[in-house]
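Structure at a glance
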Amino acid sequence: MRLIKGLQIALILILFFSCRKPYNPEVTTVNSNVLVVEGMINVGTDSTIFKLSRTQPIGDKIKNKPEVGAIVTVESDANEKFILSEKTQGRYVSPGLNLPKTKKYRLSIKTARGVTYLSDFVEVKVTLPIDSINFEAKPDGVQIYVNTHDNSNNSRYYKWDYVETWEFYSAFYSNLIWQNGAVRQRDMINNNISKCWLSNSNQPITIASSAKLEKDVIYNSPLTFIKSDSEKIGNKYSILVKQYALTKEAYEFWENLKKNTESLGSVFDPQPSQISGNIRNVANPGEPVIGYISAGTYAEKRIFITKSQLPPWRVPYPPYCTSPDTIRPSQYKAKFEFGDNIPLEEREIEGWGLVILSSVPACVDCTLRGSNKQPVFWQ
């Protein structure tokens with residue numbers, strides 16, 4: 001009986017797998033050129049920056065499609081106008097506007113094709129300082145939190161952006177360089193390729209609200225989680241957090257966008273819904289536009305986390321960075337001439353004489369991924 005049951009199960013499995021056909025879903029191109037507006041009207045001394053781009057179909061090889069040549073203007077409800085300059089493709093900037101906080105403001109965009117988009121007029125939200133940024137070491141990594149409050153209970157809705165920067169080292173240290181046909185001592189002051197810094201500003205939408213609480217207090221709202229084996233916390237890490245106070249409408253927009261972009265994956269997750277911002281095509285109000293214009297100020301705070309503040313976690317190097325190669329003098333030119341290998345250090349080996357240890361650039365040159373120029377804020 002067991003044999004028959006086993007044969008039956010095997011037959012079912014064979015039929016199941018042999019009947020499978022590849023499924024290639026049709027990818028729609030509808031709304032594949034939607035205008036995306038990112039930024040806020042800063043009424044204080046800091047720059048106002050807007051990034052304009054267009055959405056693209058899934059599978060498009062071009063990762064970024066900036067909206068270039070537009071005329072971007074901040075307008076007040078008193079008919080004042082402030083034009084932004086296109087500094088780089090799709091990035092429009094104005095120095096500190098220092099605008100009155102009692103007025104309302106909107107954004108006007110006229111594209112190179114002559115299409116005009118206008119946002120609603122929005123009130124100014126002044127952001128109070130961040131109370132603190134703290135972190136907690138958990139068994140599998142570090143959780144970073146933000147804390148803030150408003151004694152007047154006027155903020156209630158918050159959004160945070162952040163930029164992470166970390167110090168990292170290459171797997172192997174190099175004090176030599178192949179230069180002008182010979183191995184020479186490396187200039188460790190100006191050309192150290194073993195110690196670098198890397199920054200990352202890509203993050204999920206991070207929001208929180210105290211609207212359902214008696215007091216306007218945000219306590220230990222999660223910002224980001226860093227896994228214990230991440231390079232970010234292998235030596236020294238810093239996070240710069242920017243805090244924005246939002247209107248209720250702006251918060252609902254970001255909440256909806258967060259649900260649509262981060263919470264999908266099962267039947268129990270929120271299903272996709274129309275993301276409706278406050279920017280519209282003047283001639284065609286039904287055209288979808290992604291973005292929500294807010295006006296106000298922001299507060300920022302930075303913290304550092306050092307390796308000594310965390311458990312003794314191990315951050316692994318790539319598996320191919322196991323041990324350096326040993327290069328004899330007769331092999332120097334062949335190994336180093338074309339940059340496939342980088343000399344590390346000289347070593348005297350019995351029976352071999354003077355040799356040089358070397359490895360591939362990915363294990364030696366940290367500037368392939370980061371910068372060896374220390375950030376001005378580093379401490």
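The paragraphs below set out a description of the structure included in this document. Please read all numbers here as calculations on a predicted model, not as lab measurements.

Considering helix H2 (residues 248-262)
Look at H2: 21 Å from first C-alpha to last across 15 residues, which is about the 21 Å you get at 1.5 Å a residue. Turning to H2, its buried residues are Ala 250, Tyr 251, Phe 253, Trp 254, Leu 257 and Asn 260. Contacts from the buried residues of H2 go to strand S12 (157-169) and strand S16 (206-209).

A look at the sheet that holds strand S11 (residues 141-149)
Across the sheet, which stays open at both edges, the three strands sit in the order S10-S11-S17 with antiparallel pairing between neighbours. In this open sheet, the two edge strands, each paired with only one partner strand, are strand S10 (132-138) and strand S17 (217-227). This sheet shows a mean twist of 25 degrees between the axes of neighbouring strands, independent of strand direction. Pairing geometry for S11 and S17, over eight bridges, is antiparallel. Looking at S17, one finds that His 149 is bridged to Val 217.

What about the sheet that holds strand S9 (residues 124-125)?
Strand order across the open sheet formed by three strands is S2-S21-S9, with parallel pairing between neighbours. The open sheet terminates on both sides in strands that have one partner only, identified here as strand S2 (41-42) and S9. Bridge analysis of S2 against strand S21 (residues 295-296) gives two bridges, and the strand direction is parallel. Its bridge partner being in S21, Ile 41 is matched across the sheet by Ala 295.

Quick look at the state of the cysteines
Within the structure shown, the criterion is met by two disulfides. Paired by a disulfide, Cys 196 and Cys 366 hold their sulfur atoms 2.0 Å apart. Taking the torsion about the sulfur-sulfur bond, which here is approximately 65 degrees, the covalent link between Cys 196 and Cys 366 counts as right-handed. Residue Cys 196 is located in strand S15 (residues 195-200), and its partner Cys 366 is located in the segment after helix H4 (361-364); the two are separated by 170 residues in the primary sequence. Assigned by exposure class, Cys 196 and Cys 366 land together as buried. Between the sulfur atoms of Cys 321 and its disulfide partner Cys 363 the distance amounts to 1.9 Å. What sets the handedness of the Cys 321 and Cys 363 disulfide is the S-S torsion sign, and at about -85 degrees it is left-handed. Placement of the pair is Cys 321 in the loop between strand S22 (298-306) and strand S23 (325-327) and Cys 363 in helix H4, with a sequence separation of 42 residues. By the burial criterion, Cys 321 is buried, and Cys 363 matches it. Counting its disulfide-bonded cysteines in sequence order, the protein shows a connectivity of 1-4, 2-3.

The rules behind the values
Residues numbered from 1 in each chain as written. Predicted model: local features only at pLDDT ≥ 70, side-chain atom pairs only at ≥ 80, totals over all residues. Heavy atoms only, no water. Helix = DSSP H or I, 4+ residues; strand = E, 2+ residues; numbered from the N terminus. Expected span 1.5 Å × (residues − 1). Buried < 20%, exposed > 50% of the residue type's maximum accessible area, 1.4 Å probe, protein only. Contact = heavy atoms within 4.5 Å. Pairing = 2+ DSSP bridges. Axes fitted to C-alpha atoms, helices over the stretch in contact; angles between N-to-C directions. Disulfide = S-S within 2.5 Å.

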